[in-house]
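# Results of the structural survey
These are the residues of each chain, in order.
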Amino acid sequence: MKVSVIINTIDRARSLARVLEALEGQEYDDFEVVVVVGPTTDDTMEMLSKYQERIRIARCPDDNLSLSRNIGIRSACGEIIAFIDDDAIPCRRWLAQIVNRFREHPSVDIVGGI
C-alpha cells in the first residue's frame, strides 16, 4: 500500500527539514512526500530544493490549512493519506504502524496516532 505523506508548512524551514530527515529513516518505504508550502517568507523553498528529486512540492496561495490540505490530497498518489505537522518528528515505525492497521482491518477508513 502506497502512502502519501502530506506536510503543510509556512515559515518553518528548519523544523520542516527535521521532519523530512526523520521520514528518510522510516522502516516502511512505499511512500511519497508531498509538501504544500503556503505564502512563506523564510528560506523554505531554498531548503526544499535539495529534496526536489525525492518529494513533490505544491503551493497554497493562502494561509489556510484546510485549503492547503486539500491541495496536498489532490497532489497525492497513494492509497493512504497521512498528514504530519511541519514540526513533528515521526518514530521510525510511524508509517508501518499506519499501514498495518489498514491491512488488519480493511473496513477502517481513518487511523489516528497517540
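Residues numbered from 1 in each chain as written. Predicted model: local features only at pLDDT ≥ 70, side-chain atom pairs only at ≥ 80, totals over all residues. Heavy atoms only, no water.

## Re the overall build of the chain
In terms of helices and strands, the chain carries four helices and four strands. When the elements of the chain are put in sequence order from the N terminus, they spell out β-α-β-α-β-α-β-α. Its C-alpha atoms give the chain a radius of gyration of 14 Å, near enough to 13 Å, the size a compact globule of 114 residues would have. For the chain, the spread of C-alpha atoms along the three principal axes comes to 45 × 25 × 25 Å. A total of 114 residues make up the chain; the buried ones form 42% of that total. The long-range share in the chain, meaning contacts at least 24 apart out of those at least 6 apart in sequence, stands at 67%. Carbon and sulfur atoms provide 46% of the accessible area of the chain, an area that totals close to 6800 Å². (Helix = DSSP H or I, 4+ residues; strand = E, 2+ residues; numbered from the N terminus. Rg over C-alpha atoms; globule rule 2.2 N^0.38 Å. Buried < 20%, exposed > 50% of the residue type's maximum accessible area, 1.4 Å probe, protein only. Contact = heavy atoms within 4.5 Å. Areas by Shrake-Rupley, 256 points an atom, 1.4 Å probe, with all protein chains shown as cover.)

## Regarding the packing of aromatic side chains
Using the criterion set out here, one finds zero aromatic pairs in the structure. Cation over ring: R69 sits above F83, and NZ or CZ is 5.0 Å from the ring centre. (Phe/Tyr/Trp six-rings, centres within 6.5 Å; stacked < 30°, edge-to-face > 60°. Lys NZ or Arg CZ within 6 Å of the ring centre and 35° of its normal.)

## Re helix α3 (residues 65–75)
An α-helix turns once per 3.6 residues; consequently, residues spaced three or four apart project the same way. Here α3 has its buried residues at S68, I71, G72 and S75. Each buried residue of α3 sits inside an arc of 100 degrees when the element is viewed along its axis, so together they form one side. The exposed residues of α3 that point more than 90 degrees off its buried face are S66 and R74. N-capping of α3 is provided by N64, with a side-chain oxygen placed 3.1 Å from the backbone N of S66. (Arc of directions from axis to C-beta. Polar contact = N/O pair within 3.5 Å; in protein donor to acceptor, adjacent residues only side chain to side chain.)

## Quick notes on the nonpolar core
Counting residues in each nonpolar core, the largest one holds 25 residues, and the members touching the most others are V5, I7, L20 and V35. Elements with a minimum of two residues in this core: β1 (3–9), α1 (13–23), β2 (31–37), α2 (44–48), β4 (80–83) and α4 (94–104). Among the elements that take part in this core, α4 stands out by supplying six residues, more than any other. With residues up to four places along the chain from it excluded, the contact list for I7 reads L16, V19, L20, L23, V33, V34, V35, V36, I84, D85 and D86. (Core = buried A, V, L, I, M, F, W, Y, C linked by side-chain atoms within 4.5 Å.)

## Quick notes on the layout of surface pockets
By volume, the second largest pocket is sized at about 200 Å³. The element that contributes the greatest number of residues to the lining of the second largest pocket is α3, accounting for three residues. Grouping the amino acids of the lining of the second largest pocket by side-chain chemistry returns four nonpolar, five polar and six charged. (1 Å grid on protein atoms, 1.4 Å probe; cavity = no way out; pocket = protein on both sides within 12 Å on 5 of 7 lines; lining within 4 Å. Points joined across faces, edges and corners; volume = space filled by probe spheres on them. Nonpolar A, V, L, I, M, F, W, Y, C, P; charged D, E, K, R; others polar.)

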